[in-house]
Amino acid sequence: MNIVVYVKAMVDPDKASDDLTLVSEPAKNGTAVILNPYDKNAIEVALQLKEKYTGEVTAVSFGGDIETEKVLREALSLGCDHAFKVNDEGYESLDAFSPMLGSVLGKVPVADVSYFITGREAADDNQSIIGASIAAAVDADFVDNVDEIEFLENHSLKLVSRWDQSELSGIYEKTPLVISVTDTINTPRLPSFKAKMQAKKAKLDEVKVSDLTDLDLTQLNNLREKVDSTGVFEPEVINKENIIYDLEQDEQAVDKLMDNLKEKGIL
Amino acid sequence: MELKDKTDIFKIVSQVVPEKQLIQKSEISEDYGHDEMGTIFHLPDLVVKAQSTEDVSAVMKIANEYKIPAVVRGAGTGLVGGSIAIKGGILIDLSGMNQIKELDADNLTLTVEPGVLLMDIKEYAEKKGFFYPPDPGEKSATIGGNISTNAGGMRAIKYGVTRDYVRALTVVAPSGDIMHLGGKVVKNSSGFDLKDLVIGSEGTLGIVTEATLKLIMKPEYTVSLLVPFENFESAISTVPVILRSGITPTAVEFFENDSVNFWEEFSGKVFPEANHQTYLLLSFDGQSTERVEEDYEKIAELCFENGAEDVYVLDDEIQRNQVWTARGAFLEAIKSSTTEMDEVDVVVPRSKIVEFITFTHKTAQEQNIRIPGFGHVGDGNLHFYICRDDYDDATWKEKLNNVFELLYTEGKKVGGQVSGEHGIGLAKREYLGQSLDDSVISMMRSVKSAVDPHNILNPDKVI
Amino acid sequence: MNNQTVYLCATTDDQSEVEALQKVVQESFSTASITVVAFQSEALDQTKFQASFDQNVDAITFLNVEKLSVLDPNAVAKAYNQYFQKNDAGRIIFYANRFNNGIAARVAASNLSAIVTDVEKIEATDDHLNLVKKSYSGALKRQITVTDAAPLIITVNNSNITLEKVAAKETAVTEETLSIDYQVPKTAVYKSLVDNDNLNLDNAEVVVAGGRGLKGAEEFKNLEKLAENLSAAVGASRPVVDNGWVPNTLMVGQSGKSIEPDIYFAFGISGAVQHTVGIENVKTIVAINSDEKAPIFKIADYGIVGDAKEVIEKMTEITAQK
């Protein structure tokens, strides 16, 4: 049984808000690219599955050369066994706003996969749709927002999904299974030096979108033309009118604030 | 002139310092009576919230004239009672003198008032691309406090200690005279270096009211390595190998699994890679990724050659924070694992660390008391915490005394010093006396009485 | 704007869910034909739900899955899929929360529709929709333009417009019972995490939250005392949870809860977007921070520049006198 984990290269949020051009051209500054933090939790789950049930973990990433290479090598240094780069030549706008990306990723040729793991969302677009579309592409059940995992006998898993106001726990025996995980499910392990050195030299497997023959490219292109998601902008700065007291200048600051809140009927 | 009635202090001081800067008697908050350790308590008769060098000078002139004890306090984060007015008198609170006055980009200096917090200096300098390297664990301490104890911290092996970053000081002498020591100069052989005498004197020789600090350019890249070992001997014997490699890490920290366990219990978090006996935590910084990578790769190889079980590379900020946050909370975690504790902050020659830790383990066993510890092994400065647990008052006092006695004697035997960075204050005074030559103590006393003939400035501290 | 039917999909009768869907009609699709497709389960009271949409929409359909014991998103999605295979899937709209986003993603994947989650603004023109959503957890915004020809699923956040109830339509109510090809997992248990019996982040009108500025677990005990005086729930920012000072369940923000109390006190919280995204719908924000430049002051209605510990102490004193 093998495990596939999907990882996304994204621009470091701290850097993106300082320089919008990074968002449209992340490759221009490779150091601004990071591995989506949620995907680290996904990798950790994949590695735990491997340790529990044996098998190999393949990390798969879609996107430009520089970005995917960086995050895949990081995935290898964390302990993934193989890395698969899905090249997007000619498919630059295959983006997070259609299930097509999942359709493509689901077609990546890895044999005998029991579990497909992904982070709940990518910290750049916050879409949280990739797991569902992979599940549709590989015709598997999908368990989302998994916040707790327990490894039972006979390759069955106890999973607890947690949403804003509810949770679902259950035992899942059927494979293949697609799982998306939260960023509170575990503490990702640290990259070991030896794995890191190996990851530096490792060969990455590569496949082009157009090589994935059983993919319906017309449908893909068709949808692609109808969605334009290139517009990124900074939110309007709302300068709220506020009342600020300074405790150092005014010993009565707290009393004044509380009086004010009471007067206005807020407290 | 002697003061007959202590209640007169307020009247006299209020003639030179505005009344709103004074707190007297019953209005003085308990917080002014103790420091972070909390084991020593005494309130002053008057608190002066000084706003300027002139305020301090005016108050000291009065203190000197009437022979009133005067003690200086910053943020009160000390661990040895150095800022407590054990004889009452005047407590000069400098936490309100907290302005950053000048960043001189050409001379690479930063001029600050003594009440500026260490974390504020760090943030201010780094925002502008500069760096103030001394890095004691307590980031909410004031720079004045750091100077008066010559605080060290994690980065001492590569960058040195507070003393190495003080270019100039404005100091108010016990007489109230204002002195300017040092300057924005890199070299200086102009007479006695009184600046270096004041640094580390714990407020017994003068009051620092302004400091000009040396800055360096901020290193662009930082990587840490977490290196587990099977036992502490092999971890610590790797340290000299690292230090001889020609690559100087910014930090070499050592801790054992008991600290990790306390932290896990205390925080409810999982320490990454928790199931090892003992750890070294190393840090590297520099101006280019390639250079830093080259450095840590070489050191990682050296660690493997010396028996490391693995080497984890913390090259991403989240993971680095995870591990360093845990390291930063060990003290609190140990504190919460017991009912009461006291600390030993010895510094020993680096070649003697294994010997000293072995001795501590042995002492803990013989005295049947827990002594968890960790420390800056890169510079030989170790922190041990003696835990009271369930012992009753009398047994605890006896055990604590025995352990102090044993550890400080051993420290002296291996060529160490009583305190690496926390200072002597009141708590360690007895042990300083035992560990230094009589001639040294006597010279220190001569200096003190020459500078402060009435013994009014932080009396009965250090010596 | 073309004449496609707009489908509003609901999985609970929560007020915020119902209102968000009503508002999106009022704001962006006031002239369109509207069908509400509600998923029947314990989480949705049919009578109550129907009343809130009656005479405002053209049709309400309740989907009922035979023998469904727990609310499993796979089952819900399969039911919607079956429904939309029979009905023209033009514009499908869910209220954005993590549960619904999962349903929407599954439906979009089966239909190969375009999908945009957590939409804040919809602007309909003659032949396309302009959608705006948060990007980088709110540090940036992204505009997505979708032509009318594309099948589209969106999930919408609750917007701040006032709802005008116009009773103008004849509402046709139907029920559909479906049987789906899905087995819920063995020993599956679904439970609501909404706790109405105890004061907590979800139901409190006042929330007092602490951040790194509280400097340690110790200070949270003092915050609890203040919370008691104010009948408030206690919240926290992520760094505090990561440091282990408080449990995960108190976390407010991107990785934790989004909350909507009347008043939110932020003690020693600097105000990174990952946190403030969780308090967007709070009516009054009071920030207490020693750094006057902390970003939290930009979104605060009231503030005190000063040490959080000191302010907590004083507030506790003041509120104890009552």
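This structure is a prediction, so every number in the text was calculated from the model and none was measured.

### Looking at the overall build of chain A
Point 1. Each helix and strand in chain A was counted, giving nine helices and 13 strands.
Point 2. Here chain A, with 267 residues, has 48% of them falling under the buried criterion.
Point 3. Sequence-distant contacts, at least 24 apart, represent 72% of the contacts inside chain A between residues at least 6 apart.

### A look at the overall build of chain C
Point 1. When its secondary structure is counted, chain C shows nine helices and 15 strands.
Point 2. Taking 2.2 N^0.38 as the reference for a compact globule, 322 residues should give roughly 20 Å; the C-alpha atoms of chain C span a radius of gyration of 22 Å, in line with that estimate.
Point 3. Its C-alpha atoms put chain C at 65 × 50 × 35 Å along the principal axes.
Point 4. Counting every position in chain C, which comprises 322 residues, the buried fraction comes to 51%.
Point 5. By sequence separation, contacts in chain C at least 24 residues apart represent 64% of the contacts at least 6 residues apart.

### Focus on the pairing of strand 4 (residues 57-63) of chain A
Residues and elements named next belong to chain A.
Point 1. Across the seven residues that make up strand 4, a large majority, seven, are buried.
Point 2. Alternating positions in strand 4 separate into two faces, Val-57, Ala-59, Ser-61 and Gly-63 on one and Thr-58, Val-60 and Phe-62 on the other, with burial throughout.
Point 3. Taken together, the four bridges between strand 1 (residues 2-6) and strand 4 define a ladder with parallel strand orientation. What sits directly across from Tyr-6, in strand 4, is Val-60.

### Here's the deal with the sheet that holds strand 1 of chain A
Point 1. Pairing is mixed across the open sheet formed by ten strands, whose spatial order is 11(A)-5(A)-4(A)-1(A)-6(A)-10(A)-7(A)-8(A)-9(A)-10(C). Bordering the open sheet on either side are strand 11 (205-208) of chain A together with strand 10 (186-192) of chain C, each of which pairs with just one other strand. Strand-to-strand, the axes of this sheet are offset by a mean angle of 30 degrees, without reference to chain direction.
Point 2. Bridge count for strand 5 (residues 82-87) of chain A against strand 11 of chain A is four bridges, and the pairing is parallel. Residue pairing across strands places Asn87(A) opposite Lys208(A), the latter belonging to strand 11 of chain A.

### Comments concerning unusual backbone geometry
Residues and elements named next belong to chain A.
Point 1. A cis amide bond, omega -5 degrees, links Thr-175 with the succeeding residue Pro-176.
Point 2. Secondary-structure assignment places Pro-176 in the loop between strand 9 (166-172) and strand 10 (177-181).
Point 3. The residue Asn-126 is not glycine, and still its phi comes out positive at about 50 degrees.
Point 4. Along the chain, Asn-126 falls in the loop between strand 6 (113-119) and helix 6 (130-138).

### Some words on the sheet that holds strand 17 (residues 373-376) of chain B
All names here are of chain B.
Point 1. Spatial ordering of the open sheet is given by 15-12-14-13-17-18-16, a layout of seven strands whose pairing is antiparallel. The open sheet is flanked by strand 15 (312-314) and strand 16 (341-344), the only strands paired with a single partner. Ignoring which end each strand starts from, the neighbouring axes of this sheet average 20 degrees apart.
Point 2. Where strand 13 (residues 251-256) lies against strand 17, two bridges are found, and the strand directions are antiparallel. For Phe-254, the partnering residue across the bridge sits in strand 17 and is Gly-375.
Point 3. Of the strands in this sheet, strand 12 (221-229), strand 13 and strand 14 (278-286) touch helix 7 (residues 232-243), which is tilted by about 175 degrees from strand 13.

### Quick word on the UniProt feature "domain: Electron transfer flavoprotein alpha subunit C-terminal" (unreviewed entry) in chain C
Point 1. As annotated in UniProt, the feature "domain: Electron transfer flavoprotein alpha subunit C-terminal" (unreviewed entry) corresponds to residues 200-280 of chain C in the numbering used here.
Point 2. Between the first and last C-alpha atoms of residues 200-280 of chain C the distance is 18 Å; the span itself is 28% helix and 17% strand.

### Some details on the interface of chain A and chain C
Point 1. Taken residue by residue, the interface counts 61 residues in chain A and 66 residues in chain C.
Point 2. Among the elements of the structure, helix 1 (13-16), helix 6, strand 7 (141-151), strand 9, helix 8 (217-226), strand 12 (227-233), strand 13 (243-246) and helix 9 (253-263) of chain A are those that each provide at least two residues to the side of chain A that touches chain C.
Point 3. Grouping the amino acids of the side of chain A that touches chain C by side-chain chemistry returns 29 nonpolar, 17 polar and 15 charged.

### Some words on the domain arrangement of chain C
All names here are of chain C.
Point 1. Domain boundaries in chain C define domain 1 (6-178) and domain 2 (206-320).
Point 2. Distance from the C-alpha centre of domain 1 to the C-alpha centre of domain 2: 34 Å.
Point 3. Listed by partner, the interface residues are four residues for domain 1 and five residues for domain 2.
Point 4. For the side of domain 1 that touches domain 2, the class distribution of residues is one nonpolar, three polar and no charged.

### Describing the interface of chain B and chain A
Point 1. Contacts between the two partners involve twelve residues from chain B, matched on the other side by eight residues from chain A.
Point 2. Those elements giving two or more residues to the side of chain B that touches chain A turn out to be strand 15 and helix 10 (317-336) of chain B.
Point 3. Here the element with the most residues in the side of chain B that touches chain A is strand 15 of chain B; it accounts for three residues.

### So, the nonpolar core
Point 1. Within the largest apolar cluster, 128 residues are counted, with the highest numbers of intra-cluster contacts made by Val5(A), Ala46(A), Ala59(A), Ala75(A), Ile117(A) and Ile93(C).
Point 2. In this view, Ala46(A) contacts Ile3(A), Val5(A), Val57(A) and Ile117(A); residues no more than four positions away in its chain are not counted.
Point 3. Formed by 127 residues, the second largest nonpolar core is a distinct cluster that contains Tyr132(B), Leu181(B), Leu213(B) and Phe254(B).

### Thoughts on the pairing of strand 8 (residues 166-172) of chain B
Residue and element names in this part refer to chain B.
Point 1. Counting buried positions over the seven residues of strand 8 gives six, a clear majority of the element.
Point 2. As defined by bridge partners, strand 8 adjoins strand 10 (residues 207-214) across six bridges and the pair is classed as antiparallel. In the strand pairing of strand 10, Val-166 is matched with Leu-213.
Point 3. One ladder, built from five bridges, connects strand 8 with strand 9 (residues 178-182); its direction is antiparallel. Paired with Thr-170 across the bridge in strand 9 is His-180.
Point 4. Hairpin connection between strand 8 and strand 9: a loop of five residues separates the two successive antiparallel strands, and Gly-176 in this loop has a positive phi of roughly 100 degrees.

### With respect to the packing of helix 3 (residues 73-86) of chain C against helix 4 (residues 98-111) of chain C
Residue and element names in this part refer to chain C.
Point 1. Packing of helix 3 against helix 4 brings their axes to within 9 Å, and their N-to-C directions diverge by 45 degrees. If you check the angle between helix 3 and helix 4, you find them oblique. You can see that helix 3 and helix 4 cross each other, and the crossing is right-handed. Note on element contacts: helix 4 touches helix 3 through Phe-99, Gly-102, Ile-103, Arg-106, Val-107, Ser-110 and Asn-111, opposite Pro-73, Val-76, Ala-77, Tyr-80, Asn-81 and Phe-84.
Point 2. Here the residues of the contact of helix 3 with helix 4 are counted per class, giving eight nonpolar, four polar and one charged.

### Quick notes on the confidence of the model for chain C
Point 1. Looking at chain C as a whole, the pLDDT averages 91, with 98% of positions reaching at least 70.
Point 2. Across the predicted assembly, pTM comes out at 0.83 and ipTM at 0.79.

### Some thoughts on helix 3 (residues 118-127) of chain B
Given 3.6 residues per helical turn, the α-helix brings residues three or four places apart onto the same face.
All names here are of chain B.
Point 1. Those residues of helix 3 lying buried are Leu-118, Ile-121 and Ala-125. The buried residues of helix 3 all sit within an arc of 60 degrees when viewed along its axis, so they share a single face. Exposed and oriented more than 90 degrees from the buried face of helix 3 are Met-119 and Lys-127.
Point 2. The positive-phi residue at the C-terminal boundary of helix 3 is Gly-129, with phi of around 90 degrees.

### Points about the confidence of the model for chain A
Point 1. Averaged over all residues, the pLDDT of chain A equals 89, while 97% of them reach at least 70.
Point 2. No element of chain A has a lower mean pLDDT than helix 8 of chain A, which averages 78, and none a higher one than strand 10 of chain A, which averages 97.

### Considering the environment of Ile304(C)
Point 1. Along the chain, Ile304(C) turns up in strand 15 (residues 302-305).
Point 2. With 29 C-beta atoms packed within 10 Å, Ile304(C) lands in the buried category.
Point 3. In this structure the C-alpha to C-alpha distance between Ile304(C) and Thr155(C), which are 149 residues apart in sequence, comes to 37 Å.
Point 4. When residues no more than four places from it in sequence are discounted, the contact partners of Ile304(C) are Tyr245(A), Leu247(A), Ala253(A), Val254(A), Leu257(A), Ile288(C) and Val311(C).

About the cut-offs
- Residues numbered from 1 in each chain as written.
- Chains lettered and ligands numbered in written order.
- Predicted model: local features only at pLDDT ≥ 70, side-chain atom pairs only at ≥ 80, totals over all residues.
- Helix = DSSP H or I, 4+ residues; strand = E, 2+ residues; numbered from the N terminus.
- Buried ≥ 20, exposed ≤ 12 C-beta atoms within 10 Å, placed from the backbone.
- Contact = placed C-beta atoms within 7 Å.
- Rg over C-alpha atoms; globule rule 2.2 N^0.38 Å.
- Pairing = 2+ DSSP bridges.
- Axes fitted to C-alpha atoms, helices over the stretch in contact; angles between N-to-C directions.
- UniProt positions renumbered as here; feature names shortened; annotations may be inferred.
- Nonpolar A, V, L, I, M, F, W, Y, C, P; charged D, E, K, R; others polar.
- Domains from an automatic or database assignment.
- Core = buried A, V, L, I, M, F, W, Y, C linked by C-beta atoms within 7 Å.
- Parallel < 35°, antiparallel > 145°, perpendicular 65-115°, else oblique.
- Left-handed = near helix turned anticlockwise from the far one by under 90°.
- pLDDT = per-residue confidence, 0-100.
- Arc of directions from axis to C-beta.

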